[in-house]
Amino acid sequence: MKKIFIIDTNVLLHDPHSVFKFQDNDVVIPLIAIEEMDNQKRRQDEVGRNARRVAKLIDELRHRGKIFEGVRLDNGGTLKVEMNHQKVSQLSGALEQFKADNRILCVALAYKDEFPDRKVILVTKDTYLRIKADVAGIEAEDFKTDKVNIEELYSGAVELKVEPEVINQFYSNSFLAWDKPEDDPGALYSNQFVSLVDINGSGQSALARFNPEKKGLVPLLHANAEAWGIRARNKEQRYAMELLLDDNIRLVTLVGQAGTGKTLLAVAAGLEKAIDEEVYKKLVVTRPVIPLGGDIGFLPGDKEEKMRPWMSPIYDNLEYIFGTGKESKKEKGDGEKPKTSNIETTIRYFKEKGQLELEALTYIRGRTMPRQYMIVDEAQNLTPHEVKTILTRAGEGTKVVLTGDPYQIDHPYLDSSSNGLTYVVEKFKGVKLAGHVTFIKGERSELAQLAAELI
């Protein structure tokens, strides 16, 4: 028998097309959810855009019939907007009768009474509403379509214990055949990194990358490269440098806790590729603005002054890079370029030349960005739909790097399993143009590493 799914407002604002993702079951949107989205439609961020998208979709479906009676969807299910919330009296007196969440809960209660033989499920990303639904006897669950299992998230690397002769063969031939079918437990993904370790424990090892076209493991070409005075300090950072400096890789995802060097390496590699090698027209560094209070507009000053607090982590990385770069980097140029001892002047110099752009993600959306090295920091605070919007804006020749920590999320309706960063990691594993690295060891300081592990 078909199930009945009651959809909360936050699910629709998370994914405007969520109503089409319940197979051939019946989908019910409480009228109060429409009212809540109406209150969000004037916002200029992703929430406002999604509210307008949902309104457009439902308006188009109205042409198929009366929306309050239910209209047929292409997948065989139905969509209905329901205003019955008369079960408020059944709720505990401790709950506010006119609160939107409680009225949505009452719609679910009404359907459970009306259809006792059918399974009624409330779908919401609000943990508190799921708790209240459970108390009221209503089955509730999170929106699972875009969730990944964070415990089984693709790491981008694997360690293989082999005989020492195999490692010697790899060094001698700069290649090791590895042609195993996809259903084989030993199969590797495209651009997956491999650490070959002596099975006898001698300490002999080799680092390689899987190339599906050559059907084997190949040596790393950029792992020991220097980018603006920055070198990799551990195995995972070497893997990251290999991806960041490879022009054939168009999408790089870097996941790791604070202090592991994700953003620093990405920015250093971007400067190398955009300014020194001029493979890309400019380096664009952006991050989502997730305020704890008001929006970015309440800050004083012009746009750049408003942006500075949100972009401070990026400025910190730039200051570190410019302050520790090689002397040749400092002096290189047409004679007009100032030395890096004046960090602010250096940043302003590259921005005025059009080689460096620091923007909040709010100002990036909607643009087409050809031949640019684009870094999206704190990508774990983006929804899968937002990440898709960013990636589909990448123009010809553009490289996109997503960095973040899935365990440090500020977005109220995202978690380590449902954010855009982990979603992209899983969706793009094995894709020829993409590569991923999960960082393990912290390099910021001993204190930072201990804090990340113990707190």
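Residues numbered from 1 in each chain as written. Predicted model: local features only at pLDDT ≥ 70, side-chain atom pairs only at ≥ 80, totals over all residues. Heavy atoms only, no water.

Visitor: Please clarify how the packing of aromatic side chains should be interpreted in this entry.
Guide: Summed over all chains, the structure comprises eleven aromatic pairs. The interplanar angle of 50 degrees and the centroid separation of 6.1 Å between the aromatic rings of Phe22 and Phe143 together place this pair among those described as tilted. Of this pair, Phe22 sits in the loop between α1 (9-14) and β2 (26-30) while Phe143 sits in the loop between β6 (139-141) and β7 (157-162), placing them 121 residues apart in sequence. As far as burial versus exposure is concerned, Phe22 and Phe143 are alike and both buried. Ring geometry for Tyr111 versus Phe115: centroids 5.8 Å apart, planes at 25 degrees, classification stacked. The class of Tyr111 is buried, set by a relative accessible area of 5%. Each residue in the set Trp228, Phe322, Tyr349 and Phe350 is aromatic and connected to the rest through ring pairs, giving one cluster. (Phe/Tyr/Trp six-rings, centres within 6.5 Å; stacked < 30°, edge-to-face > 60°. Helix = DSSP H or I, 4+ residues; strand = E, 2+ residues; numbered from the N terminus. Buried < 20%, exposed > 50% of the residue type's maximum accessible area, 1.4 Å probe, protein only.)

Visitor: I tried to follow the sheet that holds β7 on my own but got confused; where do I start?
Guide: Whether parallel or antiparallel, the strands of a sheet pair through hydrogen bonds between backbone atoms. Strand order in this open sheet of five strands is β7-β9-β10-β11-β8, and the pairing throughout is mixed. The sheet is open, and its two edges are formed by β7 and β8 (176-177), each paired on a single side. (Pairing = 2+ DSSP bridges.)

Visitor: Can you help me understand unusual backbone geometry in this one?
Guide: Note: most peptide bonds trans; most residues except glycine with negative phi. Phi at Asn191 takes a positive value of approximately 65 degrees, unusual for a residue other than glycine. Relative to the helices and strands, Asn191 is located in the loop between β8 and β9 (193-198). At Glu378, a position not held by glycine, the phi torsion is positive, near 55 degrees. Glu378 gets classed as partly exposed once you look at its relative accessible area, which sits at 24%.

Visitor: How do you make sense of the nonpolar core when you look at a structure like this?
Guide: The tendency in soluble globular proteins is for nonpolar side chains to be buried side by side. With 45 residues, the main nonpolar core has Leu244, Leu271, Leu318, Ile321 and Phe322 as its most contacted residues. Those elements that provide at least two residues to this core are α7 (235-244), β12 (251-255), α8 (262-276), β13 (282-287), α9 (303-324), α11 (343-352), β14 (356-360) and β15 (372-376). If one sorts the elements of this core by residue count, α8 sits on top with nine residues. Leu271 has contacts with Trp228, Asp276, Leu283, Leu318, Ile321 and Phe322, leaving out every residue within four places of it along the chain. Core analysis: the second largest hydrophobic core is formed by 23 residues, Val11, Val19, Ile29 and Leu61 among them. (Core = buried A, V, L, I, M, F, W, Y, C linked by side-chain atoms within 4.5 Å. Contact = heavy atoms within 4.5 Å.)

Visitor: Looking at this structure, how should I read the environment of Asp415?
Guide: Tracing the backbone shows Asp415 in the loop between β16 (399-404) and α14 (420-427). Given a relative accessible area of 29%, Asp415 falls into the partly exposed group. Placed 32 residues apart in sequence, Asp415 and Thr383 show a C-alpha to C-alpha distance of 9.8 Å. Among residues more than four places away in sequence, those in contact with Asp415 are Asp142, Lys147 and Ile409. At 2.9 Å, the side chain of Asp415 and the backbone nitrogen of Ser418 are in polar contact. (Polar contact = N/O pair within 3.5 Å; in protein donor to acceptor, adjacent residues only side chain to side chain.)

Visitor: What is the right way to read helix α2 (residues 31-38) from this model?
Guide: Every α-helical turn comprises 3.6 residues, leaving residues that sit three or four positions apart pointing alike. When α2 is considered as a whole, its buried residues turn out to be Ile32, Ala33 and Met37. Viewed along the axis of α2, the buried residues span an arc of 145 degrees, placing them on a single side of the element. For α2, the elements touching its buried residues are α1, β2, α3 (46-61) and α4 (100-114). (Arc of directions from axis to C-beta.)

Visitor: Help me understand the side chain of Thr263 in this model?
Guide: Examined against the element boundaries, Thr263 turns out to sit in helix α8. When its relative accessible area of 11% is taken as the criterion, Thr263 is described as buried.

Visitor: Help me understand the packing of α7 against α8 in this model?
Guide: Running from N to C, α7 and α8 cross one another at 30 degrees; their axes reach a closest spacing of 10 Å. In this structure, α7 meets α8 at a crossing whose hand is right-handed. Note on element contacts: α8 touches α7 through Leu265, Ala266 and Ala269, opposite Gln237, Ala240, Met241 and Leu244. In terms of residue class, the contact of α7 with α8 is made up of six nonpolar, one polar and no charged. (Axes fitted to C-alpha atoms, helices over the stretch in contact; angles between N-to-C directions. Left-handed = near helix turned anticlockwise from the far one by under 90°. Nonpolar A, V, L, I, M, F, W, Y, C, P; charged D, E, K, R; others polar.)

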